[in-house]
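Reading the structure
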Amino acid sequence: MSAASCLLSEEQFLCSICLDVFTDPVTIPCGHNFCKNCITQHWDVSVQFQCPMCKKVFERRPKLHVNTFISEMAAHCPDQQCAKPGEVPCDVCTGTKLKALKSCLVCLASYCETHLEPHQRITGLKKHTLIDPVENLEDRMCKEHDGPLQLFCKTDQMCVCLLCTVLDHKSHDIVPLKEEYEGKKAELGKTEAEIQQKIQERQLKIQEIKHSVELSKEYADREIADSVRVFTALMQSVERGQAELIETIEEKQKTTEKQAEGFIKELEQEISELMKRTAEVEQLSRTEDHLHLLQSFPSLNTPPHTKDWTEVSVHRSSYEGTVRRAVAQLEETLRKEMEKLLADVELKRVQQYAVDVTLDPDTASPYLILSDDGKQVNHGDVKKNLPENPERFSPCTCVLGKQSFSSGRFYYEVQVKGKTKWDLGVARGSINRKGKITLSPKNGFWTIWLRNGNEYKALAGPAVLLSLKVKPQKVGVFVDYEEGLVSFYDVDAAALIYSYTGCTFTEKLYPYFSPCPNDGGKNSAPLIISPVNHTD
């Protein structure tokens, strides 16, 4: 079947219900045709079985018969479709407008497949510029000169016709539309690339934010677990100490509740009587029977007898003395328990930043002896013949760790068991390493030391004497670079020894160690960098 014949019979292919080309066309007894689905749905919701076209009513729901002729005709014209809302219709079609396939910028008209045929056959029309169908082709004409907008004025950034270039836009920078189109298209490509880059950056930012949320969640979970552990322990301690107090309070409360229950029961009984009397009074007040109201008035006008509750009250039991005595007994126990629990939580928190630290032999004083694994150092009494490099301490008996830190947090532990003297902490990379050294933050050292077996000081310049109840056997060192914090812990006691706060770090920090001289064998035990055993 030709396209022309398809066009001529197009209206015959339209369903009168959906107004579109038939889909599964069927015929009903009166001879009219519909889409199978359209007529089925129509009769499903109708009260009677009536033809939508001729209005003929059928006593029973008619059987549907496939219209093979219309089906075959529609199958031979698959591309000839009616223009739907939002689609560009053919400007030549009369009656039913078919969907346009192309628009001509010369003719300023849009054509369906049938009416486009001359542009594909006639030589003169073949030269016309065809584009995908667009509406309002008149907008592509110059409003002033009624000519096609074929050029672009770069000076005024607008589309112009040929006549515009010799009149209003004379001597302007004029280029063909295609040239400007290519340029703008390239700019759009660049813009698209920039947008894609922004999308990728934002996707990465989303991942970063999600990762931060995950880390925050992990930290929150740890904090919750720690708080549960602390408060559970404190609550258990309180419960043990207050068992007798709670029992006493509960007994007093039971007595009060029993008394209150008696009062409430009595009050509820009186309320019931009063509500009953209220109902009777309300009913009497609505009566139109004069005699009945006057006869009943004397008995209902007087409220029923009730108790005078003015002076009745339930006195709260006094627990002040009992609670005060219990609190006095528990106060010291709770304080000690809380300090221990909080210190344990804090130590557990900093231990998660444990790093592997080893001693740097290039910085070690000639008097020091380092173990092969770089984990132990003690004084050797005899000066070794070592290269006098700039990094080495001399003559002070000190050594630095190999590892340096310029951001974040780090933690390590050192065993000081059996020693009577030692220095521990962190130091700047630029510290003085030759001659006499004064340990202080001003000189780049954040340290604590032990002297005379029991004299502990934080060398804060001036030194701060530390009062420790227990002699530490293992010391933990924690640094938060950005926070400007250096803290020292008694690991076994899970207790804070001292903290440097508000420090300003601008360069690399190194772990710092000094086992101090042997002192005739009294201080011969080594300093040992120990693996961190995380507390449970």
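Everything below is about the structure shown above.
Criteria and cut-off values
Residues numbered from 1 in each chain as written. Predicted model: local features only at pLDDT ≥ 70, side-chain atom pairs only at ≥ 80, totals over all residues. Heavy atoms only, no water. Pairing = 2+ DSSP bridges. Helix = DSSP H or I, 4+ residues; strand = E, 2+ residues; numbered from the N terminus. Contact = heavy atoms within 4.5 Å. Axes fitted to C-alpha atoms, helices over the stretch in contact; angles between N-to-C directions. Salt bridge = Lys/Arg side-chain N within 4 Å of Asp/Glu carboxyl O. Buried < 20%, exposed > 50% of the residue type's maximum accessible area, 1.4 Å probe, protein only. Patch = residues over 30% accessible without salt bridge, like charges linked within 9 Å, V, L, I, M, F, W, Y side chains within 5 Å. Areas by Shrake-Rupley, 256 points an atom, 1.4 Å probe, with all protein chains shown as cover. 1 Å grid on protein atoms, 1.4 Å probe; cavity = no way out; pocket = protein on both sides within 12 Å on 5 of 7 lines; lining within 4 Å. Points joined across faces, edges and corners; volume = space filled by probe spheres on them. Lys, Arg positive; Asp, Glu negative; His and termini not counted. Charge placed at Lys NZ, Arg CZ, Asp CG, Glu CD.

Side note on the sheet that holds strand S2 (residues 33-35)
In spatial order, the strands read S2-S1-S5; together these three strands make up an open sheet with antiparallel pairing. Taken across any chain shown, the strands that pair with only one partner, and hence form the sheet edges, are S2 and strand S5 (65-66). Pairing between strand S1 (residues 25-27) and S2: three bridges, direction antiparallel. Within the sheet, the bridge partner assigned to Thr27 lies in S2 and is Asn33. Across the sheet, helix H2 (residues 36-45) touches S1 and S2, and the angle it forms with S2 is around 90°.

Some thoughts on the pattern of salt bridges
Going through the model one piece at a time under the given rule, you end up with 19 salt bridges. The shortest N-O distance in the salt bridge between Arg277 and Glu280 comes to 3.7 Å. One end of the pair, Arg277, and the other, Glu280, are both in helix H7 (residues 243-285), three residues apart, so they sit about a helical turn from each other. One salt bridge in this structure joins Arg451 and Asp423, with 3.0 Å as the shortest N-O distance. On the criterion of sequence distance, the pair formed by Arg451 in strand S17 (residues 445-451) and Asp423 in strand S16 (residues 422-428) is long-range, its members being 28 residues apart. By relative accessible area, Arg451 is classed as buried at 15%. Overall, the relative accessible area of 5% leaves Asp423 in the buried class.

Quick word on a nonpolar patch on the surface
Residues Leu163, Val166 and Leu167 make up a contiguous nonpolar surface patch of about 270 Å² in total accessible area. When you line up the elements, Leu167 lands in the loop between strand S10 (158-160) and strand S11 (174-176).

So, the layout of surface pockets
Taken as a whole, the largest pocket holds about 460 Å³ of empty space. Taken together, 15 residues make up the lining of the largest pocket; nearest its centre are Glu339, Lys340, Lys469, Ala493 and Ala495. When residues of the lining of the largest pocket are traced back to their parent elements, those giving at least two are helix H9 (320-351) and strand S22 (495-500). Broken down by element, the lining of the largest pocket gets its largest block of residues, five residues, from H9. The volume enclosed by the second largest pocket comes to roughly 330 Å³. Lining the second largest pocket are Leu105, Val106, Leu108, Thr129, Ile131, Arg140, Met141, Pro148, Leu149, Gln150, Cys159 and Leu177.

Thoughts on the sheet that holds S17
Read across the open sheet, the six strands follow the order S14-S23-S16-S17-S18-S19; overall the sheet is antiparallel. In this open sheet, the two edge strands, each paired with only one partner strand, are strand S14 (399-400) and strand S19 (464-466). The pairing of S14 with strand S23 (residues 509-514) spans two bridges and is antiparallel. Note that in S23 the partner of Val399 across the bridge is Phe513.

Observations regarding a negative patch on the surface
A contiguous patch of negative charge on the surface is contributed by Glu244, Glu247, Glu250 and Glu251. Mapped onto the fold, Glu250 is located in helix H7. In this structure Glu250 comes out as partly exposed when scored by relative accessible area, which is 44%.

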